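An overview of the molecular structure
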Amino acid sequence: MCKCSKTYRDDKPHHECGVLGIYGVQDAANLAYYGLHALQHRGQQGCGIVSVDSEGVFHRVKGDGLVTEVFNEQRMSVLTGNMAIGHVRYSNAGCKGVENIQPFLFHHNSGDFAMANNGSIVNYRQLRMELEDKGSLFQSSSDAEVLAHLIKKQGAYNNVPRIVAIKDALNQMDGAYAFLIMTGRRIYACRDKYGFHPLAIGKLGDGYVVASETCAFDVLGAEYIRDVEPGEIVTIDHHGVRSQFYSEPERHAMCAMEYVYFARPDSDIEGCNVHNYRKESGKLLFHEAPADADIVIGVPDSSLSAAQGYAEASGLPYEMGLIKNKYIGRTFILPTQELREKGVKMKLSPVKTIVKGKRVVLVDDSIVRGTTSLKIVNMLREAGAAEVHVRIASAPLKYTCYYGVDVHTPKELISNSNDVDQVCKLIGADSLAFLSHEGMLKAGHRDDLCLACFNHKYPTKLYEE
Ligand code: SF4
């Protein structure tokens, strides 16, 4: 994650990144291209691929934009070799610049290596300051670069094997990370000891794939093997897949927002399919907060599974009351409130004949600032809905995230300073209810998840800026 100051553009949290690695497959970069395309929802503002050829020479292409915009036939032709890692990123306005687009490539007399990360190191500033005091020069504002410096510092002074240097470096970093490190001969896949973000391994022919989400495996025809465990380093090379733990796992704090909003519904995260999680959360939401209504509709796309679950549990018809414009592409920051309101209408339209005269249950995955919820409720009323009962398939979002997710600052979050009744009034709904913290765990049959942006229980120490 880039460590510049944040600015926000719309009314949803954003993931910072997705990573993908291919080992031992001909033209690995071409497969990485398709895999990154499947991970595009995790970051749309920049992407890159680094490959290694049979001579151990590294090749890199990266740039601002979507996977289909950055890569073309000519650019792909330089990415030769049977090993590649790739990255898609979301950045904020202060962090633009090609120097912050991953994978990073480092040249060193002990051998070149490339690196890509999904997550955020919470003690980044302390580590960077220590390293700079000892003479390190940083090229970017990304915390992924800190790992490279830590690995090389350790290896350079003690002449230790690379895996030992990586383990030592990882143990100095606190926070959320899912790193791929590629040397001339192997790929290391490392996950933080809390297991904040997903990282899974698949088999592809005689080779392997590692990806932030299993939806990439389906596109590539790879077979899921297992997840990288919290605190584990998986080494993938000509010996196959080998495992070492650099740390005892802490509490297993998978990011709840991965299930609620970020991940694709066709991905499985730690044995739980994302669509199934959302559907189950919708069922639980109905049991916790039934509404006297005629139809259930969801906000496309991420809330449709929860809306289906709510409808199934309630026995109410599940209808398509909102349509999303699929051809919207990326929208820019609209300068006035009036234009921003039109922007929401560009993205979503109510289906008048479905909602007219109906008491509608509107299921959404989360409320951030509440501005979009207000617009959707108004839109449904203008389309003739008799009542609008809003049901949210997660708890009130109240606090910021330090683990690689661009959640707004607390004062921008409508639930930070307003209780449920106040939020209900502010978004103009007839009634409003959120899923409980217990419901969020129960939907995934889990004992633990990171719920820090909902309950302020941060799994790690938070370091002074
Ligand atoms: S604080 Fe929220 S968004 Fe961040 S990792 Fe935890 S659950 Fe996910």
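Predicted, not measured: the structure shown is a model, and the values here were computed from it.

In this section: the overall build of the protein chain. In terms of helices and strands, the protein chain carries 17 helices and 23 strands. Along the first, second and third principal axes, the C-alpha atoms of the protein chain reach 70 × 45 × 45 Å. Among the 465 residues that make up the protein chain, the fraction classed as buried is 51%. For the protein chain, the proportion of contacts with a sequence separation of at least 24, taken over those separated by at least 6, is 71%.

The subject of this paragraph is the nonpolar core. Formed by 145 residues in total, the largest nonpolar core has its most connected members in Met115, Leu180 and Ala189. Looking at which domains feed residues into this core, each of domain 1 (14-250) and domain 2 (275-325 + 332-446) supplies at least three. Once you skip the residues sitting within four places of it in the chain, Leu180 turns out to touch Val19, Gly21, Ile85, Met115, Ala116, Ile187, Ala189 and Val210.

Domain annotation for the protein chain reports domain 1 (14-250) and domain 2 (275-325 + 332-446). When each unit is reduced to the centre of its C-alpha atoms, the spacing between domain 1 and domain 2 is 35 Å. Those elements that provide at least two residues to the side of domain 1 that touches domain 2 are strand E1 (14-15), strand E7 (113-121) and strand E8 (175-182). For the side of domain 1 that touches domain 2, the leading source of residues is E7, giving 3 residues.

Another aspect to go through is the site of the ligand. The environment of the ligand is made up of Phe196, Cys255, Ala256, Met257, Cys401, Tyr403, Val405, Val407, Cys450, Leu451, Ala452 and Cys453. Counting residues per element, the ones that place at least two in the shell around the ligand are helix H8 (256-262) and helix H17 (452-455). Across the shell around the ligand, the residue classes tally to 12 nonpolar, no polar and no charged.

Right, let's get into the pairing of strand E9 (residues 187-191). Across the 5 residues of E9, 5 count as buried, placing the element largely inside the fold. The two faces of E9 match: Ile187, Ala189 and Arg191 on one face and Tyr188 and Cys190 on the other face are all buried. Here E8 pairs with E9 via 5 bridges, running antiparallel. Among the inter-strand pairings, Met182 is bridged to a residue of E9, identified as Ile187. Sheet topology places E9 next to strand E13 (residues 232-237); 4 bridges connect them, and they run antiparallel. Counterpart to Tyr188 in the pairing with E13 is Thr235.

Our next topic: the sheet that holds strand E6 (residues 104-106). Strand order in the open sheet made by the 6 strands is E6-E7-E8-E9-E13-E14, with antiparallel pairing throughout. Taken across any chain shown, the strands that pair with only one partner, and hence form the sheet edges, are E6 and strand E14 (240-245). Between one strand and the next, the sheet's axes are offset by a mean angle of 20 degrees, whatever the strand orientation. Where helix H6 (residues 162-172) meets the sheet, its contacts fall on E8, E9, E13 and E14, and the angle it forms with E13 comes to roughly 150 degrees.

Let's shift gears to helix H9 (residues 274-288). Taking 1.5 Å of rise per residue, the 15 residues of H9 would be expected to cover 21 Å, and the 21 Å separating its terminal C-alpha atoms lies within 8% of that figure. Burial analysis of H9 places 11 of its 15 residues in the buried class, the great majority of the element. Of all the residues in H9, the buried ones are Val274, Tyr277, Arg278, Lys279, Glu280, Ser281, Gly282, Lys283, Leu284, Leu285 and Phe286.

Pairing in this open sheet of 7 strands is antiparallel, and the strands run E4-E3-E5-E2-E11-E10-E12 from one edge to the other. Pairing within the sheet leaves two strands with one partner each, and these edge strands are strand E4 (58-64) and strand E12 (223-227). For this sheet, the mean inter-axis angle between neighbouring strands, taken without regard to orientation, is 15 degrees. Two elements, strand E10 (residues 200-204) and strand E11 (residues 207-211), share 5 bridges in a ladder whose sense is antiparallel. Each bridged residue has a counterpart across the sheet, and for Ala200 the counterpart in E11 is Ala211. The strands touched by helix H1 (residues 28-38) are strand E2 (17-23), strand E3 (46-52), strand E5 (83-89) and E11; relative to E5, the strand with the most contacts, the crossing angle is about 25 degrees.

Conventions used here
Residues numbered from 1 in each chain as written. Predicted model: local features only at pLDDT ≥ 70, side-chain atom pairs only at ≥ 80, totals over all residues. Helix = DSSP H or I, 4+ residues; strand = E, 2+ residues; numbered from the N terminus. Buried ≥ 20, exposed ≤ 12 C-beta atoms within 10 Å, placed from the backbone. Contact = placed C-beta atoms within 7 Å. Core = buried A, V, L, I, M, F, W, Y, C linked by C-beta atoms within 7 Å. Domains from an automatic or database assignment. Near = placed C-beta within 6 Å. Nonpolar A, V, L, I, M, F, W, Y, C, P; charged D, E, K, R; others polar. Pairing = 2+ DSSP bridges. Axes fitted to C-alpha atoms, helices over the stretch in contact; angles between N-to-C directions. Expected span 1.5 Å × (residues − 1).

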